[in-house]
Amino acid sequence: MLTVVSDSDVIIHLTRLNEMRLLSILYKTVHIPRYVEYEMVNNQYDEAEKIKDVIRKGILKVHETDDKRVKDIVKEYNIHIGEGHVKGLAEKLNARIFLSNERKVRLVAKKEGFHVVGSIGIVLRSVMENILSMKEALVLLERLKDKEFRIHPNVIDSAIDSLGRNKG
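Worth saying up front: this structure is predicted, and the values here are computed from it rather than measured. For every chain, the first residue of the written sequence is number 1, and numbering continues from 1 along that sequence. Confidence filtering applies because this is a predicted model: local features only for residues at pLDDT of at least 70, side-chain atom pairs given and counted only at 80 or more, and all residues used for totals across whole chains, interfaces and linings. Remark: hydrogens and water are excluded; side-chain values derive from all non-hydrogen atoms of the structure.

Engineer: Is there a simple way to explain the overall build of the chain in this structure?
Structural biologist: The helix and strand tally for the chain stands at 10 helices and 5 strands. A compact globule built from 168 residues would reach a C-alpha radius of gyration of about 15 Å, and the chain, at 16 Å, matches this within 12%. If one aligns the C-alpha atoms of the chain with their principal axes, the spans along those axes are about 50 × 35 × 35 Å. Considering the chain as a whole, with its 168 residues, one finds that 49% of them fall into the buried category. Accessibility throughout is a Shrake-Rupley quantity obtained with a 1.4 Å probe, and a residue counts as covered only by protein chains that appear here. Summed over all atoms, the accessible surface of the chain reaches about 9,200 Å², with 48% contributed by carbon and sulfur. Here the chain holds 29 positive side-chain charges and 25 negative ones, and the gap between their average locations is 3 Å. Helix and strand assignments follow DSSP, with helices taken as H or I runs no shorter than four residues and strands as E runs no shorter than two, numbered in order from the N terminus. The globule rule used here is 2.2 Å times the number of residues to the 0.38 power, and the radius of gyration it is set against is calculated over C-alpha atoms. Think of it in three bands: with a 1.4 Å probe and only protein chains considered, a residue is buried below 20% of the maximum accessible area for its type, exposed above 50%, and partly exposed in between. Lys and Arg are tallied as positive, Asp and Glu as negative. Neither His nor the chain termini are counted. By convention, charge coordinates are those of NZ in Lys, CZ in Arg, CG in Asp, or CD in Glu.

Engineer: What is the right way to read the nonpolar core from this model?
Structural biologist: As used in this record, nonpolar core signifies buried Ala, Val, Leu, Ile, Met, Phe, Trp, Tyr and Cys residues forming a set joined through side-chain atoms within 4.5 Å. The biggest cluster of nonpolar side chains holds 56 residues, and the ones touching the most others in it are Leu23, Tyr27, Leu60, Phe98, Leu99, Ile122 and Leu141. If we skip the residues at most four places from it in the chain, Ile122 touches Val10, Leu14, Leu22, Leu23, Leu26, Tyr27, Leu99 and Val117. In what follows, residue pairs with any heavy atoms lying within 4.5 Å of each other are defined as contacts.

Engineer: Help me understand the confidence of the model for the chain in this model?
Structural biologist: Detail in the predicted coordinates should be disregarded across regions flagged by low pLDDT. pLDDT is defined as a per-residue confidence score from the predictor, taking values between 0 and 100. For the chain, per-residue confidence averages 91 on the pLDDT scale, and 96% of positions sit at 70 or higher. Taking the mean pLDDT of every element in the chain, the minimum, 85, falls on helix 10 (residues 153–165) and the maximum, 98, on strand 2 (residues 30–33).

Engineer: So what exactly am I meant to see when it comes to the pairing of strand 2 here?
Structural biologist: Side chains on a regular strand alternate between the two faces of the sheet. Here strand 2 shows a buried face lined by Val30 and Ile32 and a second buried face lined by His31 and Pro33. Across 4 bridges, the pairing between strand 2 and strand 3 (residues 60–63) is parallel. Looking at the pairing, Pro33 lines up with His63 of strand 3. When DSSP finds at least two bridges between two strands, those strands are taken to pair.

Engineer: Could you clarify how one ought to interpret the environment of Arg143 in this entry?
Structural biologist: Residue placement: Arg143 occurs in helix 9 (residues 134–143). Within 3.5 Å is the distance limit for a polar contact, defined as a pair of N or O atoms, with the added protein rule that one can donate a hydrogen and the other accept it, and that residues adjacent in sequence qualify only through two side-chain atoms. There is a polar contact of 3.0 Å between the side chain of Arg143 and the backbone oxygen of Arg16.

Engineer: Can you walk me through the side chain of Ser100 in this structure?
Structural biologist: With respect to the element layout, Ser100 can be found in the loop between strand 4 (97–99) and helix 7 (103–111). With relative accessibility at 0%, the residue Ser100 sits in the buried group. In this structure Ser100 touches Asp7, Asp9, Val10, Val105, Arg106, Val116, Val117 and Gly118, once residues within four positions along its chain are discounted.

Engineer: Help me out: how do you make sense of unusual backbone geometry in this one?
Structural biologist: Phi is mostly negative for residues that are not glycine, and the peptide bonds are mostly trans. Despite not being glycine, Asn18 shows a phi value in the positive range, around 60°. Structurally, Asn18 is set in the loop between helix 1 (8–16) and helix 2 (21–27). Unusually for a residue other than glycine, Asn94 sits at a positive phi of about 55°. Structurally, Asn94 can be placed in the loop between helix 6 (81–93) and strand 4. We classify Asn94 as exposed; its relative accessible area is 58%.

Set out below in structure tokens:
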């Protein structure tokens, strides 16, 4: 199984959708830096308790990261400190898959050779793997249009259209 690292946004989205099981089914374990764990459970997200539970269940595995390396990554790529921790962890674990929705981070990760997947990609792959039905996926994608998810509706509409094209 490929090693997967994640930024906070995909985890928060899937938690809000009550679909963290998708990460467990698709990837078994997703690795996060301690910084991201702290960010998710201590920054007053409503999902903090659910995220703690997912960590206890082993779906998310928390790792320490090298602060010096992270500072170098942040400076080099001009990304947020949390995203720098994820990139540092990805290097440390020789990860192949990088979960993030942030455009700038996705571009950096792709440039560095990672396969990048966001919240929408998790939903679409879940349909391809017969984890979600087309109907279930459409409901989740529509829910992602809510402003709390901060994904542009055009991106979501493209994903919905791609499901329609792949029906037959």
